[in-house]
Structures are given as structure tokens and as C-alpha cells.
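# Structure assessment
Listed below, chain by chain, are the residues.
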Amino acid sequence: MAINYNAKDEVDGGHGSNLVMGGHSATGNAIGGGGPKSRRPDNTAFKQQRLPAWQPILTAGTVLPAFFVVGLIFIPIGIGVFVTSNNIREFEIDYTGTDVNDSCNKCLSWNDTKPCICEINFTLEQPFEGNVFMYYGLSNFYQNHRRYVKSRDDSQLNGDITALKNPSKECEPYRRDEDIPIAPCGAIANSMFNDTLELFQMNGTTPMPIVMHRTGIAWWTDKNVKFRNPPGDNLTETFTGTTKPRNWPKPVYMLDKDEENNGFINEDFIVWMRTAALPTFRKLYRLIERKNGLHPTLPVGQYLLKITYNYPVHTFDGRKRMILSTISWMGGKNPFLGIAYITVGSICFLFGVVLLVIHHKYGNRNNSADIPN
């Protein structure tokens, strides 16, 4: 039930009626033509607030079915999403280096100029079907800090020659190095993750390398729209007059031997530049494609993770992880979404039952109440 309201136009009581304020006429034209104009809104339905109004009347006949419908819809959806999320295979290794038997402990205090390499053996007890995605995860790393997020030059990343040689001031203090422009500039690029992760399947005592793809891990819009290399046939010549970020071991035009995955369009770089909203996050690192439908992509067995340990995290009490995961129609593993649907649906259904009992017990007492038409 609802109330419809459509007020009639209210017309002034004659052409001669004027509102006199402070000794002056409040009409559109003041006496003598020299007075102030009226501030009264125009006599329209919109400005005089005379538009038709609709006011819903909440009754048991409308509220109770709404609670039950929401509950009956949300609960099955939540169960389906939760079951789908639980069917996703996921395996995680923390390789920061704190356990007694962790071979990466030696890398925590590594001071040599050469990178530290450590190896971790692990066992997959369940097979991974379909495409498998390898992620690296960081904890206690705040990519959502306001100054950190702003510390980049989008024009430079889009291939603008002017911005390449004269980066934005937002990149300070990672804008220039000894008066040479940095490419790419900014704190985000300077802190790019640079550990190298390699995966091997153990065939007895012989490790067999697993092919992992470096491309196809970035968003299409990032790869083809937001990031562009400066114009030129030779990236080495194009980036002449610039220098690498201070924490990088090599310049941006040497990130990959494949020219379609080098420079600003390197997908590892693009993935890192999309900042995370929370201090604990994961980013896609490699893609392991399914070879055929007869065998799982990663069968049950012994595996070896070989890590080139470059990225320091002990200065901010961070943690580093490697995650293997499959996906479904809803993406990666996320049990929260299914739990949220089930919780909301259960609460609505419970409220519906409670209100139905209350209405059945006390509703007849208000049958004589006046309800406006």
C-alpha cells in the first residue's frame, strides 16, 4: 500500500500582491527599476517542491515475504559459492627463513654481491587439475600508503618522451639519481619484487623443470593501454640518458629477452605497479598451463622450489610466500564470499520467522487502526 500525493498549484492572490521587505517591493521589477531583484524561486513544480510524491506503507504482507525471499535466495547461492571455493586447490610455502631446517635462513644475513640461492623440498598430496597459477605473497608491506601510491609518473609509463627525460615531481625522492632521470621513476617501481622462483618435479633424485609462462599474467588494459614503451626500434637507444631505479640490479630495457615483454610492458613490472589495498597480499607470478586432459598439471609427488633470494623483508618485519593455486568460475579461493551470503540469508530468514510469529500473535489487535488512503 502507498500514498500518492499531487498538490495543486498554489497561485498568488492577484497580480497586485507583492511582498514588501525592508521598504522595497519583492517582485521581479522593483519600483523605479533600480531596486534589487527578488530571490523567490520560480513558480514551478520542481522549485516549489510540488512534484508528485510516493510514500510506501510497510505492512506485514510486504515485509515478511521480502525477508523470506532474500533468505531463500542468498542461502543456496552462499552454499554454492562456498563449496566451489573449497574445491579450489591451493598450496602455500613461507620461505622467509625462520624455521630451524629452512635452507633460506642463510639468506637472511647474506652480504655477498652474488644473489643467495636456497632450495625447499615439498610434497603435493592432492593433484592440481587445469591451469595452475603461481603467486608470490608479501605480508606487512603497505602499498596503500598515500605517498607511495602517488609516487609514479603515468605519462612516463605510457611512453611519453618528455616525461621519460623529465619525470614528474611526484616521484621524489626517486626522480633523479645524480641528476640523471630515473626510468621508471617513483617509490613503487623502486621497490619492485625481484625474487626468482623456479619449480621442479622430482623424478627420483633428478629434478625435472616445470615450464612456467612469464606472459599472460597482467591485465589486458594494463598491457595494451596504460603501459607503453617510448617510440623507437631499439630500447637500449630509447632509454639512453636515463638510469635504472636505485634498488634494481639491471635497467628496465633488460627485464626480458623477449622484446614483447621488455621495458615498460614487462608483465612482472606491470603486475607490481598495480598496488594492493591491504598490507598482506599476493600477486600473480607465473602461469603453468595444462598440457592435456589425461593427466593433472601437477600430479601428486615430490617437488623442489628453487629460490634466488634477492628481496629483503626483514627491515619491515615482512614475510614472503609462494602460492600454487587453481581457479574456478568465481576466481581464486575466497571462502568469505560464501560465508557472507549464508550469514545474510540466515539472518533474513530468522528475522522473517520472528516477525511472522509476532504478527500472528499480536497483529489482530491493530486491525481497527486507521490507515491513510
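Summary of the structure given here. Predicted model, so just to flag it, every value in this text is computed and none were measured.

### Let's talk about the packing of helix H1 (residues 60–86) against helix H9 (residues 335–362)
Angle between the axes and distance between the axes: these two values describe a pair of packed helices. Closest axis-to-axis distance for the H1/H9 pair is 7 Å, and the angle between their directions is 155 degrees. One finds that H1 runs roughly antiparallel with respect to H9. Pair H1 / H9 crosses with left-handed handedness. By residue class, the composition of the contact of H1 with H9 is 25 nonpolar, eight polar and no charged.

### Some words on the side chain of asparagine 262
The residue asparagine 262 is located in the loop between helix H7 (235–238) and helix H8 (267–273) in this model. Using a relative accessible area of 1% as the deciding quantity, one classes asparagine 262 as buried. A polar atom in the side chain of asparagine 262 sits 2.7 Å from the backbone oxygen of tyrosine 253. With near-sequence residues (within four places) excluded, asparagine 262 lies in contact with Asn229, Leu235, Val252, Tyr253, Met254, Leu255 and Asp256.

### A look at unusual backbone geometry
Residue proline 173 is bonded to the preceding glutamate 172 through a cis peptide linkage, with omega at 5 degrees. By the element assignment, proline 173 lies in the loop between helix H4 (161–165) and strand S8 (176–177). Cis geometry marks the peptide bond from alanine 183 to proline 184, where omega comes out at -5 degrees. With respect to the helices and strands, the residue proline 184 is situated in the loop between strand S9 (180–181) and helix H5 (187–190). Look at glutamine 49: it is not a glycine, yet its phi comes out positive at around 55 degrees. When you line up the elements, glutamine 49 lands in the loop between strand S3 (24–25) and strand S4 (53–56). By relative accessible area, glutamine 49 is classed as exposed at 73%. In this structure, aspartate 179 takes a positive phi of about 65 degrees despite not being glycine. By relative accessible area, which is 64% here, aspartate 179 ends up exposed.

### A short note on the nonpolar core
Ranked by internal contacts, the top residues of the largest apolar core, which has 60 residues, are Tyr95, Leu197, Phe269, Trp272, Leu298, Ile307 and Leu324. Those elements giving two or more residues to this core turn out to be strand S6 (116–124), strand S7 (132–139), H5, strand S10 (196–203), H8, strand S12 (281–288), strand S13 (301–309) and strand S14 (319–325). Looking at which element gives the most residues to this core, the answer is S7, with six residues. Setting aside residues no more than four positions away along its own chain, leucine 197 makes contact with Tyr95, Met134, Tyr136, Met212, Tyr285, Leu305, Lys306, Ile307 and Met322.

### Focus on the sheet that holds S13
One open sheet holds the four strands; their spatial order is S6-S13-S10-S11, and the pairing between them is antiparallel. The sheet terminates laterally at S6 and strand S11 (206–209), the two strands that pair on one side only. Each neighbouring strand pair of the sheet contributes to a mean axis angle of 35 degrees, computed without reference to strand direction. Sheet topology places S6 next to S13; nine bridges connect them, and they run antiparallel.

### Concerning the packing of aromatic side chains
Throughout the structure, instances matching the rule amount to 20 aromatic pairs. Measuring from centroid to centroid gives 6.0 Å for tyrosine 136 and tyrosine 285, while their planes differ by 80 degrees, and the two rings are edge-to-face. With tyrosine 136 in strand S7 and tyrosine 285 in strand S12, this pair connects stretches of sequence that are 149 residues apart. Taking the relative accessible area as the measure of exposure, tyrosine 285 reaches 6% and is therefore buried. Taking 5.5 Å as the distance between ring centres and 80 degrees as the angle between the ring planes, the aromatic pair formed by phenylalanine 141 and phenylalanine 316 counts as edge-to-face. Within this pair, whereas phenylalanine 141 is found in the loop between S7 and helix H2 (146–150), its partner phenylalanine 316 is found in the loop between S13 and S14, the two being separated by 175 residues in sequence. Take phenylalanine 316: its relative accessible area is 23%, and that puts it in the partly exposed class. Just above the ring of tyrosine 309 sits the side chain of lysine 320; from NZ or CZ to the centre is 3.4 Å.

### Section: the pairing of S14
The element S14 is largely enclosed, with a buried count of six among its seven residues. Sheet analysis places strand S5 (residues 90–94) next to S14, joined by five bridges and oriented antiparallel. Bridge pairing in S14 places phenylalanine 91 opposite leucine 324.

### Some words on the state of the cysteines
Two cysteines, two sulfur atoms, one covalent bond between them: this is a disulfide. For the structure on display, the rule yields three disulfides. Across a sulfur-sulfur distance of 2.1 Å, cysteine 104 and cysteine 118 are joined as a disulfide pair. Here the disulfide of cysteine 104 and cysteine 118 is right-handed, its torsion about the S-S bond being about 70 degrees. Of the two residues, cysteine 104 sits in the loop between S5 and S6 while cysteine 118 sits in strand S6, which places them 14 residues apart along the sequence. Both residues of the pair, cysteine 104 and cysteine 118, belong to the buried class. Two residues, cysteine 107 and cysteine 116, share a disulfide whose sulfurs are 2.0 Å apart. The sign of the S-S torsion, about -70 degrees, decides the handedness of the disulfide formed by cysteine 107 and cysteine 116: left-handed. Residue cysteine 107 shares its accessibility class with cysteine 116, and that shared class is buried. Counting only the cysteines that take part in disulfides, in the order they occur along the protein, gives the pairing 1-4, 2-3, 5-6.

Parameters at a glance
Residues numbered from 1 in each chain as written. Predicted model: local features only at pLDDT ≥ 70, side-chain atom pairs only at ≥ 80, totals over all residues. Heavy atoms only, no water. Axes fitted to C-alpha atoms, helices over the stretch in contact; angles between N-to-C directions. Helix = DSSP H or I, 4+ residues; strand = E, 2+ residues; numbered from the N terminus. Parallel < 35°, antiparallel > 145°, perpendicular 65-115°, else oblique. Left-handed = near helix turned anticlockwise from the far one by under 90°. Nonpolar A, V, L, I, M, F, W, Y, C, P; charged D, E, K, R; others polar. Buried < 20%, exposed > 50% of the residue type's maximum accessible area, 1.4 Å probe, protein only. Polar contact = N/O pair within 3.5 Å; in protein donor to acceptor, adjacent residues only side chain to side chain. Contact = heavy atoms within 4.5 Å. Core = buried A, V, L, I, M, F, W, Y, C linked by side-chain atoms within 4.5 Å. Pairing = 2+ DSSP bridges. Phe/Tyr/Trp six-rings, centres within 6.5 Å; stacked < 30°, edge-to-face > 60°. Lys NZ or Arg CZ within 6 Å of the ring centre and 35° of its normal. Disulfide = S-S within 2.5 Å.

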